[in-house]
Amino acid sequence: MPPPPRLLLFVAGRDRPRSLGAIARLNEVVAAHTPATRVDIVDVLVDPQAAEEHRVIVTPTLVRLEPEPPIRLMGDLSGVPLDVILRIVAADREPGVPQEQGVG
């Protein structure tokens, strides 16, 4: 059995509206559809080294670390259809789905 997905959500200030929106949307999706997923929130204002290490230049950015390959989704997730988020979280990529997508 493969390990559960591991996600990093990079935000700039946990209390800012876009950050709060991305955190809430991700938590909602994970709780309802993939509860075994490990989610870590990284505030780039507190840990800029992590953003550099993962090559994050825009916040919010969701990075799926595991299973590989890494996939990034940029934006606050508010306009992202549920099926797109689930493909990233659950690693159900279809051929032709880009590894990086920007939203909002």
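Residues numbered from 1 in each chain as written. Predicted model: local features only at pLDDT ≥ 70, side-chain atom pairs only at ≥ 80, totals over all residues. Heavy atoms only, no water.

Peer 1: How should I be thinking about the nonpolar core in this particular structure?
Peer 2: Burial of nonpolar side chains together is a common tendency in soluble globular proteins. If you look at the biggest cluster of nonpolar residues, it comprises 17 residues, and the most contacted ones within it are Leu9, Leu26, Leu62, Leu73 and Ile85. Elements that contribute at least two residues to this core include exactly β1 (6–11), α1 (17–33), β4 (71–74) and α3 (82–89). The biggest single contributor to this core is α1, with 5 residues. Those residues in contact with leucine 26 that sit more than four places away from it in its chain are Leu7, Leu9, Val39, Leu62, Leu77 and Val89. Leu8, Ala50, Ala51 and Val63 belong to the second largest nonpolar core, which has 10 residues in total. (Core = buried A, V, L, I, M, F, W, Y, C linked by side-chain atoms within 4.5 Å. Buried < 20%, exposed > 50% of the residue type's maximum accessible area, 1.4 Å probe, protein only. Helix = DSSP H or I, 4+ residues; strand = E, 2+ residues; numbered from the N terminus. Contact = heavy atoms within 4.5 Å.)

Peer 1: Would you mind going over the side chain of threonine 37 with me for this structure?
Peer 2: Mapped onto the secondary structure, threonine 37 falls in the loop between α1 and β2 (38–43). On the basis of relative accessibility, which here comes to 9%, the residue threonine 37 falls in the buried class. In this structure threonine 37 touches Pro5, Leu7, Val30 and Val89, once residues within four positions along its chain are discounted.

Peer 1: Explain the pairing of β2 to me, please; I cannot follow it from the model alone.
Peer 2: Within a regular strand, side chains alternate between the sheet's two faces. Here 6 bridges tie β1 to β2, and the two strands are oriented parallel to one another. Bridge pairing in β2 places leucine 8 opposite aspartate 40. After leaving β1, the chain enters α1 and then returns to the sheet as β2, a path that is right-handed. (Pairing = 2+ DSSP bridges. Right-handed = clockwise from strand over helix to strand, strands pointing away.)

Peer 1: Looking at this structure, how should I read the pattern of salt bridges?
Peer 2: A pair can form between side chains of opposite charge whenever their charged atoms are brought close. Under the definition given, this model contains 3 salt bridges. As a salt-bridge pair, aspartate 40 and arginine 6 come within 3.7 Å of each other at their nearest N and O atoms. Taken as a pair, aspartate 40 in strand β2 and arginine 6 in strand β1 lie far apart in primary sequence, 34 residues in all. Residue aspartate 40 is classed as partly exposed on the basis of its relative accessible area of 24%. A salt bridge links arginine 38 to aspartate 40, with the nearest nitrogen and oxygen atoms 3.2 Å apart. Sharing partners across several salt bridges, the network here consists of Arg6, Arg38 and Asp40. (Salt bridge = Lys/Arg side-chain N within 4 Å of Asp/Glu carboxyl O.)

Taken by themselves, the reported measurements are silent on function.
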